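# Results of the structural survey
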Amino acid sequence: MAERRPIHPVSVSLHEGTIAALKARTGKRGMSAYVEALIQRQLERDRLRELIEDAEAEHGPVDQAAVEAKRAVLRGDTASPADAA
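Now for a description of the structure that goes with this document. None of the values given here were measured: they were computed from a predicted structure. (Residues numbered from 1 in each chain as written. Predicted model: local features only at pLDDT ≥ 70, side-chain atom pairs only at ≥ 80, totals over all residues. Heavy atoms only, no water.)

## Some remarks on a nonpolar patch on the surface
How we decide: Exposure above 30% relative accessible area and the absence of a salt bridge qualify a residue for a patch, where like charges join within 9 Å and nonpolar side chains (Val, Leu, Ile, Met, Phe, Trp, Tyr) within 5 Å. For the accessible areas, the method is Shrake-Rupley and the probe is 1.4 Å, while residue cover comes only from the protein chains on display. Here, a salt bridge means any Lys or Arg side-chain nitrogen found within 4 Å of an Asp or Glu carboxyl oxygen. By the criteria applied, helices consist of DSSP H or I runs no shorter than four residues and strands consist of E runs no shorter than two, each listed in order from the N terminus.
Together, Tyr34, Leu38, Ile39 and Leu43 make up an exposed nonpolar region whose accessible area comes to about 320 Å². By secondary structure assignment, the location of Leu38 is in helix 2 (residues 31-59).

Laid out in structure tokens, this is it:
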């Protein structure tokens, strides 16, 4: 069961087009939940970026070739990069 936390109203300034797109997607009553989810997702991404930066500071930059090889495995690609030539 999700923890219920207090909710506090805040005021933010948004462009008219952003507000219109948000209302079209959520309706008037769903805007707060949608914005809350967006902010939570961005905070998660920020924390992940910080973890990556800390790991790179300690262990050096990520090997992009190794990342691509792992992506290929996840996609189910069986051919190795050498076979593509």
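Additional details are given in the paragraphs that follow.
## Digging into the environment of Met31
This is how the line gets drawn: Any residue under 20% of the maximum accessible area for its type is buried, any over 50% is exposed, and the rest in between are partly exposed; the area is computed with a 1.4 Å probe on protein chains only. A contact between two residues is defined here by any heavy atoms of the two lying within 4.5 Å.
Mapping Met31 onto the fold places it in helix 2. Among the residues examined, Met31 registers a relative accessible area of 19% and is labelled buried. Along the sequence, Met31 and Ile19 sit 12 residues apart, while their C-alpha atoms lie 9.2 Å from each other. Beyond its immediate stretch of four places on either side in the chain, Met31 contacts Leu22, Lys23 and Thr26.

## Examining a negative patch on the surface
Quick note on the threshold: Positive residues here are Lys and Arg, negative ones are Asp and Glu, while His and the chain termini are left out of the count. The atoms used to mark charge sites are NZ of Lys, CZ of Arg, CG of Asp and CD of Glu.
Taken together, the side chains of Asp46, Glu50, Glu53, Asp54, Glu56 and Glu58 make up a negatively charged region of the molecular surface. Mapped onto the elements, Asp46 comes out in helix 2. Of the residues examined, Asp46 reaches a relative accessible area of 34% and is grouped as partly exposed.

## Side note on the pattern of salt bridges
Within the structure shown, the criterion is met by 2 salt bridges. For Arg71, the salt bridge is made with Glu68, and the minimal N-O distance between the two is 2.8 Å. Of this pair, Arg71 and Glu68 both sit in helix 3 (residues 64-75), 3 residues apart, roughly one helical turn. For Arg71, a relative accessible area of 43% gives the class partly exposed. Using a relative accessible area of 39% as the deciding quantity, one classes Glu68 as partly exposed.

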